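# Architecture at a glance
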Amino acid sequence: MRVRFWGTRGSIPVVPTSAAIQRKLVAALVKGAGRALDTPDKARAFVEQELDFAVSHTFGGNSSCVEIETGTGEYVLCDMGSGARPFAVAALARHGPGRPQTYHVLISHPHWDHIMGFPFFLPAYIPGNVVRIYGGHATLEEAFRRQHGPPSFPVEFGQLGATIEFVPLVPGQPNDVAGLTVTPKLQRHGGDSYGYRIERAGKTLVYSTDSEHKLDDESAVVAFAAFFREADLVIFDAQYSLADAMSVKEDWGHSSNIVGVELCQMARAKHLCLYHHEPMLDDEQLAALLGETRRFEEITRGDHRIEVSVAYDGMELTL
Amino acid sequence: MKLTPRRFADTIVLSVSGRVDHATAEAFKEALLGQLGTCATDQDRVVLDMSGVDYIASVGLRALMLASRQAKAQGGVLVTAALQPLVREVFEIAHFTLIFKTFPSVRDAVAEVSSAGLAAFEAAGAR
């Protein structure tokens, strides 16, 4: 199973500011001062091997969208935030618009940052394609339809050329989606959200975003640890610090890096990937979040080590 | 997990010992909140002596958050002191240092919250 992140930001898309890009350039030039970086190959090697990620890259700013390669020729996405737009461009570039495809989309919940990419999802405009949208909300189709047409968008939903289907899912019930076994779980979020445990050929991915863990009910903690159990990868909403999640942002529907580590420790999961980043955090702050979370995992580790990463737009992981 | 109170004039030092994890956090929360009745305007100050805590999980931090909320609602003062280095790191990573005033030692904390408390603390030869 291969996982590719197209959008990793929470709440609203963001872009690096010109000032942030200038800071990166200044940092890179200072670090490279006096070096013979006079060819593209030398410069690229320097950038890749000697600069910190937050200097040489950006974590990116598209809202939630993760692709799971199934090996079946059909596409599977988790959420359709603004990251669905670059995904669609890449998918069409891969096989061209003339070959009909099937796109399966698991929606965590229909808040705007998780569906805003659909009006710009080019395959939905191409006759012959099938876009099958799965989720646990009764209002899912309504949420997609009302993004289209005046006064919000120039194209009516009914004008989309592809066959678009909505498939209701029930928490706890496994479903076959393009050869993957997908089991939803109800999560605490305004208007509810659903996490997905996705399994194939002995590998397990958990996609759990927009999920608040209030820690006031031990049975809920145990249930999430069971949902995450021995997962190869847990993609986890870590938008807030624990202190914020428990105080000024309590009941805002999001979680923290600390709770992500603890749940993965209880579940003996292998890899925790922090996701749905707070829009206020810049690249330096997200890099610091990664360092702090790795340190927290280290100082609270028992006999089970968890790999920790911070998702970025363009990141690829193989399970 | 144990919570042991000591009074120094208008200052109560609550010494916590052991692990505050998923198994003990509920008892910790109940014991802690139960000690905060007089942590209020013109009444007692409370110093939480964390020197005996070698591990605190998120549920334990939640208990501290609830305690902080209760103390603030009553107009009281609640601070933490003598965090072991790893617990101090957990506080920092969780951004709890933005919620709680923390002091290197219990004496430093008592000195900050009450001069009468400090006099009683030193007269007792406490640590």
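Anything mentioned here points back to the structure above.
Report on the accompanying structure. (Residues numbered from 1 in each chain as written. Chains lettered and ligands numbered in written order. Predicted model: local features only at pLDDT ≥ 70, side-chain atom pairs only at ≥ 80, totals over all residues. Heavy atoms only, no water.)

### Here's the deal with the overall build of chain A
The helix and strand tally for chain A stands at 10 helices and 14 strands. On C-alpha atoms alone, chain A measures out to a radius of gyration of 20 Å, which is about the 20 Å that the 2.2 N^0.38 rule sets for 319 residues. Judged by the C-alpha coordinates and their principal axes, chain A covers about 60 × 50 × 40 Å. Looking at chain A residue by residue over its 319 residues, the buried ones come to 55%. In chain A, 71% of the contacts between residues at least 6 apart in sequence involve partners at least 24 apart. (Helix = DSSP H or I, 4+ residues; strand = E, 2+ residues; numbered from the N terminus. Rg over C-alpha atoms; globule rule 2.2 N^0.38 Å. Buried < 20%, exposed > 50% of the residue type's maximum accessible area, 1.4 Å probe, protein only. Contact = heavy atoms within 4.5 Å.)

### As for the nonpolar core
In this structure, F228(A), M50(B), I56(B), L61(B), L64(B), F91(B) and F96(B) are the most contacted members of the largest nonpolar core, which totals 64 residues. Ranked by residues supplied to this core, first place goes to helix α2 (residues 58-73) of chain B with 7 residues. Those residues in contact with M50(B) that sit more than four places away from it in its chain are V16(B), I56(B), L64(B), T80(B), A81(B), A82(B), L83(B), Q84(B), V87(B) and F91(B). Y103(A), F118(A), V131(A) and F144(A) belong to the second largest nonpolar core, which has 28 residues in total. (Core = buried A, V, L, I, M, F, W, Y, C linked by side-chain atoms within 4.5 Å.)

### Side note on unusual backbone geometry
All names here are of chain A. With an omega of 0°, the peptide bond between P150 and P151 qualifies as cis. Summarising the element assignment, P151 is placed in the loop between α6 (140-145) and β6 (163-168). The backbone phi angle of D251 is positive, close to 70°, even though this residue is not glycine. Looking at the secondary structure, you find D251 in the loop between α8 (242-246) and α9 (257-267).

### Details of the packing of helix α7 (residues 218-227) of chain A against α9(A)
Residues and elements named next belong to chain A. At a minimum axis separation of 8 Å, α7 and α9 run at an interaxial angle of 65°. In this view, α7 runs roughly perpendicular relative to α9, as classed from their interaxial angle. As α7 packs across α9, the resulting crossing turns out to be right-handed. Where α7 approaches α9, its residues V221, F224 and A225 are matched on the opposing element by L263, M266 and A267. Of the residues contributing to the contact of α7 with α9, the split by class is 6 nonpolar, no polar and no charged. (Axes fitted to C-alpha atoms, helices over the stretch in contact; angles between N-to-C directions. Parallel < 35°, antiparallel > 145°, perpendicular 65-115°, else oblique. Left-handed = near helix turned anticlockwise from the far one by under 90°. Nonpolar A, V, L, I, M, F, W, Y, C, P; charged D, E, K, R; others polar.)

### A look at the pairing of strand β8 (residues 180-187) of chain A
Residue and element names in this part refer to chain A. Extensive coverage of β8 is indicated by the burial of 6 of its 8 residues. Across 3 bridges, strand β7 (residues 175-177) lies against β8 in antiparallel orientation. Within β8, the position partnered with D176 by the bridge is T181. Between β7 and the antiparallel strand that follows it, β8, lie 2 residues; A178 among them carries a positive phi value of about 50°. Sheet topology places β8 next to strand β9 (residues 193-200); 7 bridges connect them, and they run antiparallel. If you follow T181 over to β9, its bridge partner there is E199. (Pairing = 2+ DSSP bridges.)

### A look at the pattern of salt bridges
Residues and elements named next belong to chain A. Under the definition given, this model contains 32 salt bridges over all chains. Here D232 and K270 are joined by a salt bridge, their closest N and O atoms 3.3 Å apart. Pair noted here: D232 is in the loop between α7 and β11 (233-237) and K270 is in the loop between α9 and β12 (271-275), with a separation of 38 residues, a long-range link. Judged by relative accessible area, which is 11%, D232 ranks as buried. Judged by relative accessible area, K270 falls into the partly exposed class, the value being 44%. Each of R2, R4, E67, E69, R94 and E316 takes part in one network of salt bridges that share partners. (Salt bridge = Lys/Arg side-chain N within 4 Å of Asp/Glu carboxyl O.)

### Brief notes about the sheet that holds strand β2 (residues 65-69) of chain A
Residues and elements named next belong to chain A. Ordered by their spatial adjacency, 7 strands build an open sheet running β6-β5-β4-β3-β2-β1-β14, and the pairing between neighbours is mixed. Looking along the sheet, the strands with just one partner apiece sit at the ends: β6 and β14 (316-318). Averaged over all neighbouring strand pairs, the angle between strand axes comes to 20°, with direction disregarded. Bridging between strand β5 (residues 130-135) and β6 involves 6 bridges; their strand directions are parallel. In the strand pairing of β6, R132 is matched with E165. Sheet strands in contact with helix α4 (residues 84-95) are β1 (2-7), β2, β3 (75-78) and β4 (102-106), and its direction is about 170° off that of β3.

### Describing the interface of chain A and chain B
Facing 21 residues of chain A, the contacting portion of chain B comprises 17 residues. When chain A packs against chain B, close to 1700 Å² is buried across both sides, 63% of that on carbon and sulfur atoms. Considering only the surface of chain A that becomes buried against chain B, A243(A), M246(A) and I299(A) emerge as the three largest contributors, covering 27% of it. At the surface where chain A touches chain B, the tally comes to 2 salt bridges. A salt bridge links E250(A) to R69(B), with the nearest nitrogen and oxygen atoms 3.3 Å apart. Between the two partners, chain A and chain B, sit 7 residue pairs in polar contact (both at pLDDT 80 or more). Going through the elements one at a time, α7, α8, α9 and α10 (283-299) of chain A are the ones with two or more residues in the side of chain A that touches chain B. Top element by residues in the side of chain A that touches chain B is α9(A). It accounts for 5 residues. (Buried area = accessible area lost by both parts, 1.4 Å probe. Polar contact = N/O pair within 3.5 Å; in protein donor to acceptor, adjacent residues only side chain to side chain.)

### A closer look at the sheet that holds β8(A)
Residues and elements named next belong to chain A. Pairing is mixed in the open sheet, where 7 strands are placed in the order β7-β8-β9-β10-β11-β12-β13. This sheet does not close on itself; its edge strands, each paired only once, are β7 and β13 (307-310). Neighbour to neighbour, the strand axes of the sheet diverge by 25° on average, direction disregarded. Contacts from α10 reach β12 and β13 within the one sheet, and its direction differs from that of β13 by about 165°.

### Some points on a nonpolar patch on the surface
On the surface, I21(A), L25(A) and L29(A) cluster together into a nonpolar patch covering about 310 Å² of accessible area. Residue position: L25(A) is located in helix α1 (residues 18-31). (Patch = residues over 30% accessible without salt bridge, like charges linked within 9 Å, V, L, I, M, F, W, Y side chains within 5 Å. Areas by Shrake-Rupley, 256 points an atom, 1.4 Å probe, with all protein chains shown as cover.)

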